[in-house]
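This is what each chain is made of:
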Amino acid sequence: MHKNAAKLLGLYILGVIGYAFFVSRFTIPVHLTVDEELYISMARSFHYQGHFSQGGTLLDYTCVLYSMLLSLAYYFAGPEDIMFFFRMIGTVVMLSSVFPVYLLAKRMLGPGGRDGKTIWIVTALTLFLPSMTNAAYCMQEVLVYPIFLWTAYFVYREIQEGRVLRISGDMALIAALAAVGYFAKTMFLFLPLLYCACMIWEACRQRCIAVWKKVALFSGIWAILYAIGKGGILWINGGIAGSNHYSAQFSRLFPIDWRTIAAILSCIVFYLVALCFYWGVLPVVLPIADRKAYSEQDRGFLRFLLLGILILVAEIVISVVITEEGKVLLPHKLLYRYFQMFELPLLLVYLKGRERFRLPGWIWPVYIAVFTYLGFYFAAMGDRQRIGIIDAPIFLLIDNITQRFLPHFNILACGAAAAAACFMWVWHRRHRVEGYIRWANIVGLAAVGAIFLINLYQLPYYNNQVAMGAAIQEDAVSIAEYISGNGLENVAVYYLDAQKAPYGRAVYAYLPQEVIPVAQTELGTLTGEYLLISDGEEGTGDRVELDLQVLHVSRCE
């Protein structure tokens, strides 16, 4: 026991050290207005002003835990290394996923023999998943990932020990994790709904009416923690209900008509097909098709995962896709980062049944359908895809090859894959296919490793070269030192975007004040003592000169 704990801790420490070198190659945050800028602004304002704000406006967001965690960096770091400390906090948190993964794998696969080795392989694999490279970004997913894995572990333990319909300590832990997850990222609202749905499903199957007591107690614990959290945020903000851009965004969902319903259903289909492709088809399809070969406990856990994916897909499509893009039939990107937390539990379910799987003939039409659908999707979208750097690495890679090297590569690749599946279907009907699942597993593992290695290069390259982060960070640190050296910490800071450096506004991450964007036409309205930052009137392509100006009211007049 102690030997395994030492090995696990050693694996974690080695992972943190390795990722420390990786994240040290990054400079500026590349997400502006929302995401990284929002979370860092909340962290800075919490540390310096004791409330949550951005651009001088108090914020009314429930997802504050990650920003509170980031704010710890201000106790140890200065402008020159604040981003490194932010990323190290994310690294320490996200890589802690190895602990729940190990415990879940040990329960699902058993501690001895061949499966004992598999436990360590899966645990080590956690550190080499492309999703882990998200630790280089100040995004809430780095906190949500381990929270969900701990939740999955306690859910499986409750199922395995036959306490699904009985009140237990695990139920209280799951309620607490669901509440913590919600205050880490709002989309975690799906978890309490999922847990209650699974309890009701099992109660109907076993005809157990008394389950309402457990549902009520679980809901009560979550509601109390929710009330405490909301009250705490309101108290931190001095009793003032702040601004929340998601409230206005959500209003775009209305009025609900037949186009809204059609868009929701169509986007849900896209997400389900895209996720099936992303997870390699077999690890999703075979456990569903061969679910009767699993034990009752494993079927219950598989049901928990699949129902969770369905609920989360519906939540993301309704609350994010439709409200951001409008009533579209096809979204312009796959937000895989919301679903990456399911990848390891699904992998463990797949490995649990790997010895019993037989390749069915109908698997080839499934492949054909997936590749054909994606081919039509790419053809319909054309050049309208807008994939974020961490939204979906595989789709990002396909889009980069298509846009930069080989036009229509995405469509051609899907067509070639569908044609290969057609050939294998014909071959399967005439010959017995041996060892395909094993080779598919090897190819899948190689693909994961390849994407991981590509991320090790492409992510810092994009950050430092494409976004010109190295040059921007150098100037941003100089500006921060100028502010502290001249006692200007309480002076308002504005940023004038001259469109020479699209990411120049990332200076916000290095200053003690909030950076407020201002347009050229608004300069005449600025009053009082302030500091104006712009990305300069001239750009050199590989170097950004930030033009620093300190203006007073008398000079403005």
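Residues numbered from 1 in each chain as written. Predicted model: local features only at pLDDT ≥ 70, side-chain atom pairs only at ≥ 80, totals over all residues. Heavy atoms only, no water.

Before going further, it helps to spend a moment on the overall build of the protein chain. Helices and strands together make up the secondary structure of the protein chain, namely 21 helices and six strands. In terms of overall size, the protein chain behaves like a compact globule, its C-alpha atoms giving a radius of gyration of 25 Å where 557 residues would be expected to give roughly 24 Å. By its C-alpha atoms, the protein chain is 85 × 60 × 55 Å across when sized along the principal axes. Per-residue burial for the protein chain yields a buried fraction of 51% across its 557 residues. Counting only contacts in the protein chain whose residues sit at least 6 apart along the sequence, the fraction spanning at least 24 positions is 79%. Total accessible area on the protein chain stands at roughly 25000 Å², and carbon and sulfur atoms take up 64% of it. Charged side chains of the protein chain number 42 positive and 40 negative; the gap between the two group centres comes to 18 Å. (Helix = DSSP H or I, 4+ residues; strand = E, 2+ residues; numbered from the N terminus. Rg over C-alpha atoms; globule rule 2.2 N^0.38 Å. Buried < 20%, exposed > 50% of the residue type's maximum accessible area, 1.4 Å probe, protein only. Contact = heavy atoms within 4.5 Å. Areas by Shrake-Rupley, 256 points an atom, 1.4 Å probe, with all protein chains shown as cover. Lys, Arg positive; Asp, Glu negative; His and termini not counted. Charge placed at Lys NZ, Arg CZ, Asp CG, Glu CD.)

Here the focus is empty space enclosed by the protein. Inspection of the entire model under this criterion finds one cavity of 30 Å³ or more. Roughly 40 Å³ of volume is contained in the largest cavity. Forming the walls of the largest cavity are Glu 141, Val 144, Tyr 145, Met 187, Arg 337, Tyr 338, Gln 340 and Met 341. (1 Å grid on protein atoms, 1.4 Å probe; cavity = no way out; pocket = protein on both sides within 12 Å on 5 of 7 lines; lining within 4 Å. Points joined across faces, edges and corners; volume = space filled by probe spheres on them.)

All right, on to the pattern of salt bridges then. Per the stated rule, a full pass over the model turns up 19 salt bridges. In this structure, the salt-bridge partner of Glu 296 is Arg 299, at a minimum N-O distance of 2.5 Å. One end of the pair, Glu 296, and the other, Arg 299, are both in helix α14 (residues 296–325), three residues apart, so they sit about a helical turn from each other. Take Glu 296: its relative accessible area is 29%, and that puts it in the partly exposed class. On the basis of relative accessible area, Arg 299 is assigned to the partly exposed category, the value being 23%. A single salt-bridge network, built from bridges that share partners, covers Asp 35, Glu 141, Lys 185, Lys 333, Arg 337 and Asp 391. (Salt bridge = Lys/Arg side-chain N within 4 Å of Asp/Glu carboxyl O.)

The terminal C-alpha atoms of α14, which comprises 30 residues, lie 41 Å apart, in line with the 44 Å expected from a rise of 1.5 Å per residue. At Val 317, α14 shows its maximal kink, close to 35°. Following α14 by one or two positions, Gly 326 has its phi on the positive side, about 90°. (Expected span 1.5 Å × (residues − 1). Bend = angle between axes of the 7 residues up to and from the residue.)

Turning our attention to helix α13 (residues 282–289). Residues three or four positions apart in an α-helix share a direction because the helix packs 3.6 residues into each turn. For α13, every residue scored as buried is listed here: Leu 282, Val 284, Val 285, Leu 286 and Pro 287. In this fold, the buried residues of α13 make contact with α12 (258–278), α14, α15 (343–352), α16 (363–381) and α19 (436–466).

Tallied over the full model, the rule gives zero disulfides. Cys 196 carries a free sulfur, and the closest cysteine sulfur to it, the one in Cys 198, is 9.4 Å from it. Between Cys 414, a cysteine without a disulfide, and Cys 422, which holds the nearest cysteine sulfur, the sulfur-to-sulfur distance is 13 Å. On the basis of relative accessible area, Cys 414 is assigned to the buried category, the value being 7%. (Disulfide = S-S within 2.5 Å.)

Another aspect to go through is unusual backbone geometry. That bond from Phe 254 to Pro 255 is cis: its omega, 0°, falls within 30 degrees of zero. One can find Pro 255 in the loop between α11 (245–250) and α12. The phi dihedral of Arg 207 falls on the positive side, at around 55°, and the residue is not glycine. Considering the arrangement of structural elements, one finds Arg 207 in the loop between α9 (190–206) and α10 (211–236). A relative accessible area of 78% means that Arg 207 is categorised as exposed.

Glancing now at the packing of aromatic side chains. Per the counting criterion, the structure on display carries 45 aromatic pairs. The interplanar angle of 5° and the centroid separation of 5.2 Å between the aromatic rings of Phe 46 and Phe 52 together place this pair among those described as stacked. With relative accessibility at 23%, the residue Phe 46 sits in the partly exposed group. Between Tyr 182 and Phe 183 the ring centres are 5.4 Å apart and the planes differ by 80°, which places this aromatic pair in the edge-to-face class. The exposure class assigned to Tyr 182 is buried, which follows from its relative accessible area of 9%. (Phe/Tyr/Trp six-rings, centres within 6.5 Å; stacked < 30°, edge-to-face > 60°.)

We now examine the environment of Ile 311. For Ile 311, the position within the fold is in helix α14. Here Ile 311 falls in the partly exposed class, since its relative accessible area comes to 22%. Sequence separation between Ile 311 and Leu 194 is 117 residues, and the spatial gap between their C-alpha atoms is 7.3 Å. Leave out the neighbours within four places in its chain, and Ile 311 touches Phe 190 and Leu 194.

Time to look at the pairing of strand β5 (residues 530–534). Burial within β5 is extensive, with five of its five residues counted as buried. Burial along β5 is two-sided: Tyr 530, Leu 532 and Ser 534 facing one way and Leu 531 and Ile 533 facing the other are all buried. The pairing of strand β3 (residues 492–496) with β5 spans five bridges and is classified as parallel. By the bridge assignment, Tyr 495 is partnered in β5 with Ile 533. (Pairing = 2+ DSSP bridges.)

Let's shift gears to the confidence of the model for the protein chain. The share of residues in the protein chain with pLDDT of 70 or more is 93%, and the mean pLDDT across the chain is 87. Predicted confidence is poor over residues 538–545, with pLDDT under 50, and the contacts of this stretch with residues over four places away or in other chains come to 15 contacts. Predicted confidence for residues 547–557 stays below pLDDT 50, and this span has 28 contacts to residues more than four positions away or in other chains. (pLDDT = per-residue confidence, 0-100.)

This part is about the environment of Gln 160. By the secondary structure assignment, Gln 160 is in helix α7 (residues 141–160). Gln 160 gets classed as partly exposed once you look at its relative accessible area, which sits at 30%. Note: C-alpha distance between Gln 160 and Met 68 (92 residues apart in sequence) is 35 Å. When residues no more than four places from it in sequence are discounted, the contact partners of Gln 160 are Arg 107 and Gln 297.

Together, Leu 9, Ile 13, Leu 14, Ile 17 and Phe 21 make up an exposed nonpolar region whose accessible area comes to about 530 Å². Inspection of the secondary structure puts Ile 13 in helix α1 (residues 2–23). (Patch = residues over 30% accessible without salt bridge, like charges linked within 9 Å, V, L, I, M, F, W, Y side chains within 5 Å.)

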